[in-house]
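Read off the chains here:
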Amino acid sequence: MLRSLVGSEMCIRDSGVPEIDIGELVSCASVHKIHDRMSCVSAIRDACSRWGFFQITNHGVPAELIDRFYEQKMQFFNSPVPVKESVRRTATNSKGWYDDELTKQKRDWKQGFDFGSQEGDLEGRGLDGENQWPAGMGEFKAVMCEYYRAMEQLSPRIMSAMLVGLECPPGRLLPAFERHSSYLRMNWYPPCPDPSAHRAISEHTDAGALTILTQSNVQSLQVFHREKGRWFDVAPKPGAFVINTGDIMQVWSNDIYVAPLHRVKAQLSDERFSSPFFYNPSYDTEYAPLNETGPPKYRPINWGEFRMGRFQGDYADVGTENQISDYRI
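The structure reproduced in this document is the subject of the present report. Computed from a predicted structure; not experimentally measured. (Residues numbered from 1 in each chain as written. Predicted model: local features only at pLDDT ≥ 70, side-chain atom pairs only at ≥ 80, totals over all residues. Heavy atoms only, no water.)

1. Considerations on the pairing of strand β15 (residues 241-245)
So, step 1. Counting buried residues along β15, five of its five residues qualify, which places the element largely inside the surrounding structure.
So, step 2. Across the two faces of β15 the burial is the same, with Phe 241, Ile 243 and Thr 245 and Val 242 and Asn 244 all buried.
So, step 3. Bridging between strand β3 (residues 53-57) and β15 involves four bridges; their strand directions are antiparallel. Note on β15: the bridge partner recorded for Phe 54 is Ile 243.
So, step 4. Two elements, strand β12 (residues 210-215) and β15, share four bridges in a ladder whose sense is antiparallel. The residue bridging Leu 213 from the neighbouring strand is Val 242, located in β15. (Buried < 20%, exposed > 50% of the residue type's maximum accessible area, 1.4 Å probe, protein only. Helix = DSSP H or I, 4+ residues; strand = E, 2+ residues; numbered from the N terminus. Pairing = 2+ DSSP bridges.)

Shown next, in the form of structure tokens:
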């Protein structure tokens, strides 16, 4: 039944996806001081358990930084093809530019550029490769890294609020992120001559802990609500970030939180830009349901192995994609 509903084109435009002011989290002197009396903590718990999606405002990331990030992103995607080809990702390096990504064995209608940390280091080489930067693009790398650091600082506060919602200490999982493997993705969705025949991105869940997304003002993102059995639009809101729960957080929460299916529609005449920051732990992290969440529903999962399986499925059609459901007890 779920498969038939997921495949349905029915969608509700007025989504009701929660919007949460997180000023309390941003103003905390430390993530360790986040507590359950904060109104945003209960709102985040409710959003994660019902939707797996919510939008945040009052997040503390300067608007001028976001503007500069978009300017550099657009400059890169408007560059001549040889510039982008010079940093094309490969089967052994997940970082760089691409125009051939697969989601659920289906070709995406987009171009992308990924960069991120290896063992917490943007300059390092690790399990899934190393960052590549195009030559001759002035401030591109500096602005990308500045925006990345802003996401790197915001993510632990959101994750800690999620943990408090599970009645766990806010800093409980911070050690798993000391050598994190988070990465930032820039997406460009060009106009599609036949949107009915293509998806910009097919339905999927995010593999990591949580995602922070900025999106341009073109409605394309949709989330599937399991209880309601329908797709809902996630409307762009100026200045807001979209947050979604990832597979890792669903496992840590023992299914209290949901990592929702989501997808992106192709557009006939409008181009769209988006940039998800995937907050991921160190590659050697073994994640399983937290003790506070009751009898475990999952066996432990190694993040490095799971991540590499997902990347190989993005890069080429390797058959059935690995899923956290493979580890259910």
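Once you've had a look at it, read on.
2. Some points on empty space enclosed by the protein
So, step 1. One pass over the full model with this rule turns up two cavities of 30 Å³ or more.
So, step 2. Its volume calculated, the largest cavity comes out at about 460 Å³.
So, step 3. Around the largest cavity, the lining comprises 34 residues; the ones closest to its centre are Arg 185, His 204, Asp 206, His 262 and Phe 278.
So, step 4. Mapped onto the lining of the largest cavity, the elements with two or more residues apiece are β5 (102-103), β10 (183-189), β11 (199-204), β12, β15, β16 (262-265), β17 (272-279) and α8 (303-315).
So, step 5. Residue composition of the lining of the largest cavity, by class: 13 nonpolar, ten polar and eleven charged.
So, step 6. There is about 30 Å³ of room inside the second largest cavity.
So, step 7. Along the walls of the second largest cavity sit Tyr 189, Pro 190, Ala 200, Lys 265, Ala 266, Gln 267, Asp 270 and Arg 272, which together make up its complete lining.
So, step 8. Of the residues in the lining of the second largest cavity, the class split is four nonpolar, one polar and three charged. (1 Å grid on protein atoms, 1.4 Å probe; cavity = no way out; pocket = protein on both sides within 12 Å on 5 of 7 lines; lining within 4 Å. Points joined across faces, edges and corners; volume = space filled by probe spheres on them. Nonpolar A, V, L, I, M, F, W, Y, C, P; charged D, E, K, R; others polar.)

3. A word on the pattern of salt bridges
So, step 1. According to the stated counting rule, one finds 24 salt bridges in the structure shown.
So, step 2. Between Asp 128 and Lys 95 there is a salt bridge; the shortest N-O distance is 3.1 Å. In this pair, Asp 128 sits in the loop between β8 (125-126) and β9 (129-130) while Lys 95 sits in the loop between α5 (81-85) and β4 (96-98), placing the two residues 33 residues apart along the sequence. Each member of the pair, Asp 128 as well as Lys 95, is classed as buried.
So, step 3. Each of Arg 89, Glu 101, Asp 108, Lys 110, Asp 114 and Arg 185 takes part in a single network of salt bridges with overlapping partners. (Salt bridge = Lys/Arg side-chain N within 4 Å of Asp/Glu carboxyl O.)

4. A short note on the side chain of Asp 114
So, step 1. Mapped onto the elements of the fold, Asp 114 is located in strand β7 (residues 111-116).
So, step 2. Judged by relative accessible area, Asp 114 falls into the buried class, the value being 1%.
So, step 3. Among the polar contacts made by the side chain of Asp 114, one reaches the side chain of Arg 185 at a distance of 2.8 Å.
So, step 4. In this structure, Asp 114 is in contact with Arg 89, Ser 94, Lys 95, Gly 96, Tyr 98, Tyr 183, Leu 184 and Arg 185, ignoring residues within four places of it in sequence. (Polar contact = N/O pair within 3.5 Å; in protein donor to acceptor, adjacent residues only side chain to side chain. Contact = heavy atoms within 4.5 Å.)

5. A closer look at the sheet that holds β12
So, step 1. Ordered by their spatial adjacency, eight strands build an open sheet running β2-β3-β15-β12-β17-β10-β7-β4, and the pairing between neighbours is mixed. Every interior strand has two partners, whereas the edge strands, β2 (19-21) and β4, have only one. Taken over all neighbouring pairs, the strand axes of this sheet differ in orientation by 25° on average, direction set aside.
So, step 2. When β2 meets β3, the two strands line up parallel, connected through three bridges. (Axes fitted to C-alpha atoms, helices over the stretch in contact; angles between N-to-C directions.)

6. Points about the nonpolar core
Note that soluble globular proteins tend to have their nonpolar side chains buried in a common cluster.
So, step 1. The biggest cluster of nonpolar side chains holds 72 residues, and the ones touching the most others in it are Phe 54, Met 162 and Phe 241.
So, step 2. Considering each element in turn, this core owes the most residues, 15 residues, to helix α6 (residues 140-165).
So, step 3. When residues no more than four places from it in sequence are discounted, the contact partners of Phe 241 are Phe 54, Gln 55, Ile 56, His 59, Val 61, Ile 66, Tyr 147, Met 151, Leu 154, Ile 212, Leu 213 and Thr 214.
So, step 4. Core analysis: the next-biggest nonpolar cluster, separate from the first, contains 13 residues, Val 17, Trp 51, Tyr 189 and Ile 201 among them. (Core = buried A, V, L, I, M, F, W, Y, C linked by side-chain atoms within 4.5 Å.)

7. A closer look at the packing of helix α3 (residues 39-50) against α6
So, step 1. Across the interface, α3 lies against α6 with an axial gap of 8 Å and an inter-helix angle of 85°. Taken together, the axis directions place α3 and α6 in an arrangement best described as roughly perpendicular. Facing Val 41, Ile 44, Arg 45 and Cys 48 of α3, the residues of α6 in contact are Ala 161, Met 162, Val 164 and Gly 165.
So, step 2. Here the residues of the contact of α3 with α6 are counted per class, giving six nonpolar, one polar and one charged. (Parallel < 35°, antiparallel > 145°, perpendicular 65-115°, else oblique.)

8. A look at α3
So, step 1. Between its terminal C-alpha atoms α3 stretches 17 Å, which fits the 16 Å expected from twelve residues at 1.5 Å a residue.
So, step 2. The set of residues buried in α3 consists of Cys 40, Val 41, Ile 44, Ala 47 and Cys 48. Buried residues of α3, seen end-on, are gathered within an arc of 130° and therefore sit on one face of the element.
So, step 3. On its buried face, α3 is in contact with β2, α2 (23-27), β3, α6 and β15. (Expected span 1.5 Å × (residues − 1). Arc of directions from axis to C-beta.)

9. Some points on the side chain of Ser 79
So, step 1. Within the fold, Ser 79 resides in the loop between α4 (63-77) and α5.
So, step 2. On the basis of relative accessible area, Ser 79 is assigned to the buried category, the value being 13%.
So, step 3. Only 2.9 Å separates the side chain of Ser 79 from the backbone oxygen of Gln 75, close enough to count as a polar contact.
So, step 4. Once you skip the residues sitting within four places of it in the chain, Ser 79 turns out to touch Lys 84 and Met 137.

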